Amino acid sequence: MTATAAYMDRAGLLADELNIDLVAGETISDSEYADCMILRMDNEGLALLRDGMTIRGDFSQMKKRLNPANLNHEMLVKAAKLKDMSNNPVLVDATAGLGEDSILLAAAGFHVKMFERDCIIAALLQDALDRAAEDAQLISIVERMELVKEDSIAAMNRADFTADVVYLDPMFPARSKSGLIKKKFQLLQQIESPCEEGEILVNAARQLKPKKIVIKRPLKGEYLSAVKPNYSIEGRAIRYDCLI
Ligand SMILES: C[S@@+](CC[C@H](N)C(=O)[O-])C[C@H]1O[C@@H](n2cnc3c(N)ncnc32)[C@H](O)[C@@H]1O
């Protein structure tokens, strides 16, 4: 981890939490850290770097999509929305990642409980939430987003909370042509392997007895569980399978 002086305290706390080395300084030499993943904290927030690729959680670039007029055209919102959206129904995002789907769902009116089990991805997401909480256009949305840094399968099996909707977006199977995958996902795939516990995830989601389970899949991908969805909403490359 590298850090400018202004961010030393926060960087130090995070390095302790993740049990990784802290490197203070303004620049990173590529050759010195060639085989490493680096978390960098600077005035743009926290970023993960490797092999010339960078990812960070960033909700500020999503403002156009979060506009109420655009939101109802989002396939995910169409798939997840309930007839009665009054009183902010609870949606559990069991595979939160960098929270881009979660923030769409929070903007649509859900209270979103996000589970992320990878500590580095969770740190990037937490940083995006903290920065959004200081943005007047985003604060009212991120106030409805709660991050739990835990495996959602264990949490949902305990069933000591309720959910109106559960959303699942586990990592898709790796594509053979890596050029087809955005750089962001190439880096994420170095941290998180494709999901092999689809059925377990769906069964855990059922423990919460939600009104609906929504599952994001590649358009031609297999169903995540043996149970056929009640209906699917299809786009050009992905589809949302809905179990009610
Ligand atoms: C494809 S990404 C999700 C992307 C997310 N929908 C977004 O909009 O950014 C899958 C994420 O789910 C997380 N994940 C997978 N299984 C999980 C589990 N059982 N509990 C918590 N997180 C999980 C992975 O660590 C990864 O960050």
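Residues numbered from 1 in each chain as written. Predicted model: local features only at pLDDT ≥ 70, side-chain atom pairs only at ≥ 80, totals over all residues.

A.B. asks: Would you take a moment to explain the overall build of the protein for this structure?
C.D. replies: The secondary structure content of the protein amounts to 10 helices and 12 strands. Among the 244 residues that make up the protein, the fraction classed as buried is 34%. Within the protein, contacts between residues separated by at least 24 positions form 63% of all contacts whose residues are at least 6 apart in sequence. (Helix = DSSP H or I, 4+ residues; strand = E, 2+ residues; numbered from the N terminus. Buried ≥ 20, exposed ≤ 12 C-beta atoms within 10 Å, placed from the backbone. Contact = placed C-beta atoms within 7 Å.)

A.B. asks: Which parts of the structure should I look at to understand the sheet that holds strand S6 (residues 90-93)?
C.D. replies: Strands belonging to one sheet form pairs held by backbone hydrogen bonds; the direction of such a pair is parallel or antiparallel. An order of S8-S7-S6-S9-S10-S12-S11 is seen for the seven strands of this open sheet, with the pairing classed as mixed. Strands with a single pairing partner mark the edges of an open sheet, and in this sheet they are strand S8 (145-148) and strand S11 (231-234). Within this sheet the neighbouring strands show an average axis-to-axis angle of 20°, counted without direction. In this fold helix H10 (residues 198-206) packs onto strand S9 (165-168) and strand S10 (212-218), with an angle of close to 165° to the strand it touches most, S9. (Pairing = 2+ DSSP bridges. Axes fitted to C-alpha atoms, helices over the stretch in contact; angles between N-to-C directions.)

A.B. asks: So what exactly am I meant to see when it comes to unusual backbone geometry here?
C.D. replies: Residues other than glycine predominantly adopt negative phi, and peptide bonds predominantly adopt the trans conformation. For Asn-88, which is not glycine, the phi torsion reads 45° and is therefore positive. Examined against the element boundaries, Asn-88 turns out to sit in the loop between helix H4 (75-80) and S6. For Asn-88, a count of 13 C-beta atoms within 10 Å gives the class partly exposed. Even without glycine at this site, Ala-159 takes up a positive phi of about 50°. Tracing the backbone shows Ala-159 in the loop between helix H8 (152-158) and S9.

A.B. asks: I tried to follow the site of the ligand on my own but got confused; where do I start?
C.D. replies: Surrounding the ligand, one finds 19 residues, the nearest of these being Thr-95, Gly-97, Glu-100, Asp-101 and Arg-117. Contributing elements (two or more residues each) for the shell around the ligand: helix H5 (100-107) and H8. Broken down by class, the residue content of the shell around the ligand amounts to seven nonpolar, four polar and eight charged. (Near = placed C-beta within 6 Å. Nonpolar A, V, L, I, M, F, W, Y, C, P; charged D, E, K, R; others polar.)

A.B. asks: I keep staring at H10 and nothing clicks. Help me out?
C.D. replies: Note on helix geometry: an α-helix contains 3.6 residues per turn, so any two residues three or four positions apart are oriented the same way. Within the span of H10, buried status applies to Leu-201, Val-202, Ala-204 and Ala-205. Viewed along the axis of H10, the buried residues span an arc of 160°, placing them on a single side of the element. Buried residues along H10 sit in contact with H8, S9 and S10. (Arc of directions from axis to C-beta.)

A.B. asks: How should I be thinking about the pairing of S11 in this particular structure?
C.D. replies: Remark: a regular strand shows side chains that alternate across the two faces of the sheet. Examined bridge by bridge, S11 and strand S12 (residues 238-243) share four bridges and lie antiparallel to one another. The residue of S12 that forms the bridge with Glu-234 is Arg-239. The loop that links S11 with its antiparallel partner S12 comprises three residues.

A.B. asks: Is there a simple way to think about the environment of Ala-133 in this case?
C.D. replies: Summarising the element assignment, Ala-133 is placed in the loop between helix H6 (119-132) and helix H7 (139-142). Counting along the chain gives 10 residues from Ala-133 to Glu-143, while the straight-line C-alpha distance between them is 7.5 Å. Ignoring anything within four residues of it in the chain, the contact list for Ala-133 reads Ile-139 and Val-142.

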